[in-house]
Amino acid sequence: MGKVGHELWTFCKAELSAQVATMTDFLVTVLLAEGCGLWYVWASLAGSVAGGVLNCCINYRWVFDAHGTKRSIALRYLLVWGVSIALNTLGTYAATELSGQHFILGKALVAVIVAVGWNYTMQRRFVYK
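These notes cover the structure that comes with them. (Residues numbered from 1 in each chain as written. Predicted model: local features only at pLDDT ≥ 70, side-chain atom pairs only at ≥ 80, totals over all residues. Heavy atoms only, no water.)

In this section: the overall build of the protein chain. Looking only at helices and strands, one finds 4 helices and 0 strands in the protein chain. Secondary structure elements of the protein chain, listed N to C terminal, follow the sequence α-α-α-α. Taken over the C-alpha atoms alone, the protein chain extends approximately 45 × 30 × 20 Å along its principal axes. Of all 129 residues assigned to the protein chain, the portion counted as buried reaches 35%. Here the analysis covers contacts within the protein chain between residues at least 6 apart in sequence; of these, 73% occur between residues at least 24 apart. Taking the average place of the 10 positive charges on the side chains of the protein chain and the average place of its 6 negative ones, the gap between the two points comes to 15 Å. (Helix = DSSP H or I, 4+ residues; strand = E, 2+ residues; numbered from the N terminus. Buried < 20%, exposed > 50% of the residue type's maximum accessible area, 1.4 Å probe, protein only. Contact = heavy atoms within 4.5 Å. Lys, Arg positive; Asp, Glu negative; His and termini not counted. Charge placed at Lys NZ, Arg CZ, Asp CG, Glu CD.)

Right, dumping it as structure tokens:
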């Protein structure tokens, strides 16, 4: 497999990992917001944490050929993940409040933008380099 094929395979694995993490994120969010009555912003934050932990584990073990110690990778992941959580949480709040729609619609839109615009690029070029 050439360089382009390898990059495409890595991207596909990363997207599968992101989908599993996103399903976890949304499941936790909906259960906490709709099932437990937690304010949607806090539920979204908790969902992002659950999805992020799972995503880190899958990416480390399966997606990227990680170099460096687990500690250095974990520190870089925490930095990128912290920004991701802030973007997702604040973006969900802004999209929900500005549109007046159900929070899950804003969360879905924001999740796609953050996943493509921030998460994959930073994980590929900074976290698991």
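After presenting the structure, the write-up continues.
Moving on, we come to the environment of Trp39. Within the secondary structure layout, Trp39 lies in the loop between helix 1 (3–35) and helix 2 (40–63). Given the relative accessible area of 45%, Trp39 is considered partly exposed.

Take the nonpolar core next. Within the largest apolar cluster, 12 residues are counted, these being Ala14, Cys56, Val63, Phe64, Ile73, Tyr77, Val80, Trp81, Ile85, Tyr120, Val127 and Tyr128. Those elements that place two or more of their residues in this core are helix 2, helix 3 (70–99) and helix 4 (103–127). The element that contributes the greatest number of residues to this core is helix 3, accounting for 5 residues. Within the second largest apolar cluster, 5 residues are counted, among which are Ala33, Tyr40, Val41 and Phe103. (Core = buried A, V, L, I, M, F, W, Y, C linked by side-chain atoms within 4.5 Å.)

Look at helix 4: only 30 Å from first C-alpha to last across 25 residues, short of the 36 Å you get at 1.5 Å a residue. Its maximal kink placed at Ala115, helix 4 deviates by approximately 45°. Listing the buried residues of helix 4 in full gives Phe103, Gly106, Lys107, Val110, Ala111, Val114, Asn119, Tyr120, Gln123 and Val127. Where helix 4 is buried, its residues touch helix 1, helix 2 and helix 3. (Expected span 1.5 Å × (residues − 1). Bend = angle between axes of the 7 residues up to and from the residue.)

Purely geometric stuff here, so don't read any function into it on its own.
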